[in-house]
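# Chain and residue survey
Listed here are the chains, written in short residue letters.
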Amino acid sequence: MEYVSMRGAKVPALGLGTWLLEGDECTRTIPLALDVGYRHIDTAQGYENETEIGAALQRADVARSQLFLTTKIGNGRHGAADVASSTQESLARLQTDYADLLLIHWPVHFDRVGETLEAMTQLQERGLTRTIGVSNFTRSQFRYAASVAPVACNQVEYHPFLNQRPLREAVRAADAVLTAYSPLARGAVFDDETLIRIGQQHGKSPAQVALRWLLDQELLVVPKATSRDHLASNLDVFDFVLTAPERAEIDGLARGQRLVDPPFAPQWED
Ligand SMILES: NC(=O)c1ccc[n+]([C@@H]2O[C@H](COP(=O)([O-])OP(=O)(O)OC[C@H]3O[C@@H](n4cnc5c(N)ncnc54)[C@H](OP(=O)(O)O)[C@@H]3O)[C@@H](O)[C@H]2O)c1
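Glancing now at the site of the ligand. By nearness alone, 26 residues border the ligand, and Gly 17, Trp 19, Tyr 181, Leu 184 and Lys 224 come closest of all. Sorting elements by how many residues they give to the shell around the ligand places helix α9 (residues 228-235) first, with three residues.

Looking now at the sheet that holds strand β7 (residues 129-135). Spatially, eight strands are ordered β3-β4-β5-β6-β7-β8-β9-β10 in an open sheet, and the strand pairing comes out parallel. Two strands bound the open sheet, and with one partner strand each, they are β3 (16-17) and β10 (220-221). Relative to strand β8 (residues 151-157), β7 is paired through three bridges, and the arrangement is parallel. Bridge pairing links Ser 135 to Gln 155 in β8. Relative to the sheet, helix α4 (residues 113-125) contacts β6 (99-104) and β7, its axis offset from that of β7 by approximately 160°.

Here strand β1 (residues 3-6) runs beside strand β2 (residues 9-12); their pairing, made up of four bridges, is antiparallel. What sits directly across from Met 6, in β2, is Ala 9. Between the end of β1 and the start of β2, which pair antiparallel, lie two residues, with Arg 7 showing a positive phi angle near 50°.

Thresholds applied
Residues numbered from 1 in each chain as written. Predicted model: local features only at pLDDT ≥ 70, side-chain atom pairs only at ≥ 80, totals over all residues. Near = placed C-beta within 6 Å. Helix = DSSP H or I, 4+ residues; strand = E, 2+ residues; numbered from the N terminus. Pairing = 2+ DSSP bridges. Contact = placed C-beta atoms within 7 Å. Axes fitted to C-alpha atoms, helices over the stretch in contact; angles between N-to-C directions.

Keep in mind these values describe shape, not function.
Here it is, written out as structure tokens:
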């Protein structure tokens, strides 16, 4: 495993995404993920799997201090009172006293973002979360958030087909870390001829090449996977090095392909 420093915390760079991992499938997958070596799990109130994750972690033979757990405040729970109560509900479902990272899931109600962040900062001061951050914030929204609260992270869609370097630099400039979600472009990386060819040079799959390219940018990366094979394969990315020309070639694959763009998304910036 590689680690990224986030406001003094040593965070496993590769975590498990859990969107659409629900019910029994989630209950089965979490122990598999822990067994193959995952120690960072990304969930959200909106994923409706905090209960299954909490129960699986409770049964697992892994100390809470060894885990990095992220959850996200749902779009309907912004504002001071709801932030506190919804976070406490999340922690109860996750069967833990604290989150490692608590995010605003989407910048809806941007007029109230200052109030929401202030409430999250208070939760951090009370020890209910180690760090706070945001998700799906554009560059200008992120700069505003960082000016009013100690945000440590912006979690956004990032894979070889979507250029996020300007946002990555803005996040870095605020001493925060970018988390890449949908890092496998929800499966699209598997068919890309450039990634396939570069993978063949290293005995790796196109997915492993995409993950390596992201990790080389000192990001957190949270691919979702279900089977033991997929889980293990996505972790098997720490034993090869992309050359500078290979990295440049992957940089060149960006084509503005955004896969997660719901009606309540912000006006995206370059
Ligand atoms: N903050 C946000 O608004 C937001 C939005 C989207 C996503 N996210 C986070 O980011 C995580 C990842 O994004 P994502 O779930 O959209 O997509 P993703 O990780 O890019 O791709 C997941 C897909 O790839 C498949 N896959 C994974 N590893 C594979 C392998 N080694 N070989 C073949 N197929 C493989 C998975 O199938 P199997 O499951 O069958 O293995 C699944 O269909 C989410 O789960 C969530 O935690 C956050």
